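Here are the chains, one letter per residue:
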Amino acid sequence: MSSELPRHSVSVTGVVVRPSDGKVLIIKRVDDGRWVPPGGVLELDETPEQCVVREVREETGIEVDPIRLVGVYKNMRLGVVSLAFLCEPRGGELQTSDESSVATWLSSEEAVDRCPEARGVRIKDALSGEGPFVRAHDGTSLLPTT
């Protein structure tokens, strides 16, 4: 058994839902071509809420207000823990970035269908009105709970 402490990376995911029509903001990532809700790595000097505001703005141009934590999701293969927040848009202009080749608003069903299961479930969880949920995945699919 190793005496070293485990090393995890902490990320955030912003599930941004437009109140006027219930559409969800998702991006197509430049690096792997996957459709996902916007998000990224938590910096040492910011809170999770500050991080989700920054990441959504950087990747999509949309300014958001975090509403509530909807879940904690761990990629068991990479050791990445992501905190997902339901967010409400409050301004900005939709745009792409170095990390997103497409940024768009889709119905929740379309958004979930385009995303890998491990990302789409965050949208489902955010819209359920329940939680927060705790889930494990392998980067693509959810893993069975024990």
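Residues numbered from 1 in each chain as written. Predicted model: local features only at pLDDT ≥ 70, side-chain atom pairs only at ≥ 80, totals over all residues. Heavy atoms only, no water.

Participant: Quick question: what am I supposed to make of the layout of surface pockets here?
Facilitator: Unoccupied space between atoms shows up once a probe the size of one water molecule is rolled over them. In this model, the largest pocket occupies a volume close to 480 Å³. For the largest pocket, the lining is made up of 24 residues, of which Ser11, Arg29, Asn75, Val80 and Arg119 are closest to its centre. Sorting the residues of the lining of the largest pocket by element identifies strand E1 (9-16), strand E4 (39-41), helix H1 (48-60), strand E6 (80-92) and helix H3 (117-128) as the ones contributing at least two each. (1 Å grid on protein atoms, 1.4 Å probe; cavity = no way out; pocket = protein on both sides within 12 Å on 5 of 7 lines; lining within 4 Å. Points joined across faces, edges and corners; volume = space filled by probe spheres on them. Helix = DSSP H or I, 4+ residues; strand = E, 2+ residues; numbered from the N terminus.)

Participant: Sorry if this is basic, but what is going on with the pattern of salt bridges here?
Facilitator: If the charged atoms of two oppositely charged side chains come close together, the side chains can form a pair. Evaluated as defined, the whole model comprises eleven salt bridges. Arg54 serves as the salt-bridge partner of Glu55, at 3.1 Å between the closest nitrogen and oxygen. By the burial criterion, Glu55 is buried, and Arg54 matches it. For Glu63, the salt bridge is made with Arg90, and the minimal N-O distance between the two is 3.8 Å. Separated by 27 residues along the polypeptide, Glu63 in strand E5 (residues 62-75) and Arg90 in strand E6 bring together distant segments of the chain. Each of Glu43, Glu46, Arg54, Glu55 and Glu58 takes part in one network of salt bridges that share partners. (Salt bridge = Lys/Arg side-chain N within 4 Å of Asp/Glu carboxyl O. Buried < 20%, exposed > 50% of the residue type's maximum accessible area, 1.4 Å probe, protein only.)

Participant: Please explain the environment of Pro37 as it appears in this structure.
Facilitator: In this structure, Pro37 sits in the loop between strand E3 (35-36) and E4. Linking Pro37 and Ile26, residues eleven residues apart in sequence, is a C-alpha distance of 4.4 Å. Discounting chain neighbours no more than four positions away, the residues touching Pro37 are Thr13, Gly14, Leu25, Ile26, Cys115, Arg119 and Ile123. (Contact = heavy atoms within 4.5 Å.)

Participant: Just to check I follow, could you spell out the pairing of E6 for this structure?
Facilitator: Working note: regular strand, side chains alternate between the two faces of the sheet. Inspection of the sheet shows E1 paired to E6 by eight bridges, in the parallel sense. When the bridges of E6 are listed, Ser11 appears paired with Ser82. Sheet analysis places E5 next to E6, joined by twelve bridges and oriented antiparallel. When the bridges of E6 are listed, Val64 appears paired with Pro89. (Pairing = 2+ DSSP bridges.)

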